[in-house]
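Okay, here's what each chain looks like letter by letter:
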Amino acid sequence: MLLDIVGFSKTAPEIHAAQLATLAFAINLAGEAAVKLGFPFAMERSTTGDGYYVWNARKGVELFSQVADLAKERHPRWQFHWVGGLATMNRLYQSPAVTWHGFMWNPSELTKQCRLFFLSSIDDPCPLSALEALQAGLGCVAYKDTGTAEIIGGLKGSGVFQMYRAEAAIEEIEKALQENVDLEAQKMRLARLVGPAAFNEA
């Protein structure tokens, strides 16, 4: 999320410092409020000169990179693609083994070229991107504390890793890729858990 101060360049340097300090304080308050309300949020920020770029460190950019590094040694033909704005954050380790696409309005063409969706978040409830990948027929691997793990548990071609470490994640990816995705079972699971009927139950 990008937060810029309107008219920043038109004020004096001492005003710049006061405005940035006020904005930083407000961002900190928002982060603390999100945590108190139970949202999975670990805020990081970087200054843009006239404001701040704020992101959620729990998205797992570094774990994604670590897994890609391991895969480069074990499975050199594997390709890793990251779609999302966190690829621009230079405070996080970004593996050269990953293609960092940044934001994409329509990643469906890229999805068609992929075999598996790797959700590297540490506790994401259930991102829409994971559901879209499953609907597209991809397998999915996610950490046990994510909401996605509850959806994919037991599905062929998918897997849940129990320890938030690169070694555990890549082992689960290896297992998932050894199985063919059961498209019918996946479709039925999605319909039962997140389909229209699931929200009409009393």
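Source: prediction; values computed, not measured.

*Asks:* Please give an account of the pattern of salt bridges that cites residues and values.
*Replies:* A complete count under the given rule lists four salt bridges for this structure. The partner of Glu 174 in a salt bridge is Arg 74, with the nearest N and O atoms 3.6 Å apart. Separated by 100 residues along the polypeptide, Glu 174 in helix H6 (residues 166-177) and Arg 74 in helix H2 (residues 61-74) bring together distant segments of the chain. One salt bridge connects Asp 145 with Lys 144, and the closest N-O pair in it is separated by 3.1 Å. Since its relative accessible area comes to 37%, Lys 144 is described here as partly exposed.

*Asks:* Break down the side chain of Ser 65 for me, with residues and values.
*Replies:* Assignment of secondary structure puts Ser 65 in helix H2. Ser 65 gets classed as buried once you look at its relative accessible area, which sits at 0%. A polar side-chain atom of Ser 65 sits 3.1 Å from the main-chain carbonyl oxygen of Tyr 93. A polar side-chain atom of Ser 65 sits 3.0 Å from the main-chain amide nitrogen of Ser 95.

*Asks:* Account for the nonpolar core, with residues named and values stated.
*Replies:* One finds Val 67, Phe 80, Phe 118, Val 141 and Phe 161 to be the most contacted residues of the largest nonpolar core, which totals 22 residues. Sorting the residues of this core by element identifies H2, strand E4 (80-83), strand E6 (116-119), strand E7 (139-143) and H6 as the ones contributing at least two each. The greatest single-element share of this core, amounting to seven residues, is contributed by H2. Once residues within four sequence positions are removed from consideration, Val 141 is found in contact with Leu 116, Phe 117, Phe 118, Leu 119, Ile 152, Gly 159, Phe 161, Ala 169, Glu 172, Ile 173 and Ala 176. Phe 117, Leu 138, Ala 142 and Ile 151 belong to the second largest nonpolar core, which has 15 residues in total.

Here is what the cut-offs are and how they apply
- Starting afresh in each chain, residues are numbered from 1 along the sequence in its written order.
- Given that the model is predicted, a residue must reach a pLDDT of at least 70 before its local features are reported, and side-chain atom pairs must reach 80 or more before they are shown or counted; all residues, however, enter totals for whole chains, interfaces and linings.
- Computation of side-chain values: all heavy atoms of the structure, hydrogens and water removed.
- One speaks of a salt bridge when a side-chain nitrogen belonging to Lys or Arg is within 4 Å of a carboxyl oxygen belonging to Asp or Glu.
- Helix and strand labels come from DSSP, where a helix needs a run of H or I of at least four residues and a strand needs a run of E of at least two; each type is numbered from the N terminus.
- The cut-offs for exposure are 20% and 50% of the maximum accessible area for each residue type, with area from a 1.4 Å probe on protein chains only; residues under the lower value are buried, those over the upper are exposed, and the others partly exposed.
- N or O atoms within 3.5 Å of each other form a polar contact, as long as, within protein, one can give a hydrogen and the other can take it, and as long as residues adjacent in sequence are counted only when both atoms are side-chain atoms.
- As used here, the term nonpolar core means buried Ala, Val, Leu, Ile, Met, Phe, Trp, Tyr and Cys residues forming a set that is joined through side-chain atoms within 4.5 Å.
- Contact between two residues is taken to exist if any of their heavy atoms lie within 4.5 Å; hydrogens are not considered.

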